[in-house]
Amino acid sequence: MEVKLGANNIILDCDPGHDDALAILLALSSPKEINCLGITTSAGNVPLELTTKNALRVLALIKNNNIEVYKGCPKPLIGELVTAENVHGESGLDTGSGTSLPEPISNYEDKHAVNFILDTLKESPINEITLVATGPLTNLAAAFSIDPKTFRRAKRIVLMGGAGFEPGNITPAAEFNIYVDPFAAKSIFESELEIFMFGLDVTHKMIITSRRLSAIKNSSSLVGPAVADLLTFFNVYDTKKYGWDGAPLHDPCTIAWLISPDIFKVKKMSVEIETNNGPAYGRTIADWFNVTSKKKNINVAVNGNSDRFFELITERLNFFDE
Ligand code: RIB
Ligand code: CA
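Please read these numbers as outputs of a predicted model, since none were measured by experiment.

Cut-offs applied
- Residues numbered from 1 in each chain as written.
- Chains lettered and ligands numbered in written order.
- Predicted model: local features only at pLDDT ≥ 70, side-chain atom pairs only at ≥ 80, totals over all residues.
- Heavy atoms only, no water.
- Core = buried A, V, L, I, M, F, W, Y, C linked by side-chain atoms within 4.5 Å.
- Buried < 20%, exposed > 50% of the residue type's maximum accessible area, 1.4 Å probe, protein only.
- Helix = DSSP H or I, 4+ residues; strand = E, 2+ residues; numbered from the N terminus.
- Contact = heavy atoms within 4.5 Å.
- Pairing = 2+ DSSP bridges.
- Donors = N, O, S within 2.8 Å, 3.2 Å for Na, K, Ca; no water.
- Polar contact = N/O pair within 3.5 Å; in protein donor to acceptor, adjacent residues only side chain to side chain.

Colleague: What exactly am I supposed to notice about the nonpolar core here?
Modeller: Grouped burial of nonpolar side chains is what soluble globular proteins tend to show. If you look at the biggest cluster of nonpolar residues, it comprises 60 residues, and the most contacted ones within it are Phe264 and Phe309. The element that contributes the greatest number of residues to this core is helix α1 (residues 18–28), accounting for 8 residues. Contacts of phenylalanine 264, omitting those with residues within four sequence positions, involve Phe198, Val202, Met206, Cys253, Ala256, Trp257, Asn303, Gly304 and Phe309.

Colleague: Would you explain the pairing of strand β10 (residues 298–304) in this entry?
Modeller: Put simply, side chains in a regular strand alternate between the two faces of the sheet. The buried fraction of β10 is high, at 6 of 7 residues. Two strands pair when backbone bridges link them, and strand β6 (residues 195–198) and β10 are joined in this way by 3 bridges, in the parallel orientation. From the neighbouring strand, isoleucine 195 faces β10, where its bridge partner is isoleucine 298.

Colleague: Before we go on, may I ask you to explain the coordination of the calcium ion (ligand 2) in this structure?
Modeller: Six octahedrally arranged donors around a metal ideally form angles of 90 or 180 degrees; four tetrahedrally arranged donors ideally form angles of 109.5 degrees. The protein atoms donating to the calcium ion (ligand 2) are Asp15 (OD), Asp20 (OD), Asp20 (OD), Thr134 (O) and Asp251 (OD), with metal-donor distances spanning 2.2 to 2.6 Å. The sequence pattern describing where the donors of the calcium ion (ligand 2) fall on their chain is D-x4-D-x113-T-x116-D. Taken as a pair, aspartate 20 in helix α1 and aspartate 251 in the loop between α11 (224–242) and α12 (252–259) lie far apart in primary sequence, 231 residues in all. Judged by its relative accessible area of 0%, aspartate 20 falls in the buried class. With relative accessibility at 1%, the residue aspartate 251 sits in the buried group.

Colleague: Before we go on, may I ask you to explain the side chain of threonine 130 in this structure?
Modeller: With respect to the element layout, threonine 130 can be found in strand β4 (residues 129–133). Residue threonine 130 is classed as buried on the basis of its relative accessible area, which comes to 1%. One polar contact links threonine 130 to arginine 156, side chain to side chain, over a distance of 2.8 Å.

So far we have only geometry, and geometry alone does not tell us how the molecule works.
Here it is in structure tokens:
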């Protein structure tokens, strides 16, 4: 895929994962707003072999065999991999009906994800590529560490991760993507690239209520029933945990912002990553009221219109009927 000057040229780094799958679908259903140069996979919700196979399964669902998938790092920069089968199921994309997504119709590329990220940045005009990350930041941090000059050719980073006011979801303090690889997150948050952070403060407002789930299931989209089947499973864990009428749909917030920024409210502030062992390990420490006067390095999404968010997703799923 070639860079289109002035478009939202993205590389989507993800760990499918149900909400990553929706981020992939939303990106690929919006060619007028999003030019997806490739998908790179990280280990996170489930081990790398499965996140990679799941990215390929999502492409098979929409019969897409031209988006390239690049396999990334199998574990965090430091420490052991923490996964979330309790949320996403053993496959990482378990469904309510038990029927799996289709088998892949394409394979992942030989090139490593980190090399794809760096090669694409090197071969493309500067400030044209947005790196979207909806899993742990291992691949991005590895690319930055290997070749910081090339990495800084990226236009910006738009990521799902962290929490400013909200508690954590994997520990009382930490959000999963940051917690899995906090040293990667620290490196990226200090990279001085323009960063947009969609954390639990905004994603916990994007609840897959039964009404929204029915709207997807009963939509005219050919993939609506399969997507609703995925989200039916995805709702189980968080509805029990939080007592809400559905789970928060985290990852597509990144793509929805690229498509319609006015759905969200963003506030720039200092955000640091806690990498010391202890109860706050993996916390994103957001200086919401600028009490430290530290450099405001992160654009934090602080609110969003959930009705418009779900209307966008539901409407865009019809793209795959063509
Ligand atoms: O904390 C939620 C995040 O962790 C989402 O990206 C989900 O897919 C998991 O990766
Ligand atoms: Ca994810």
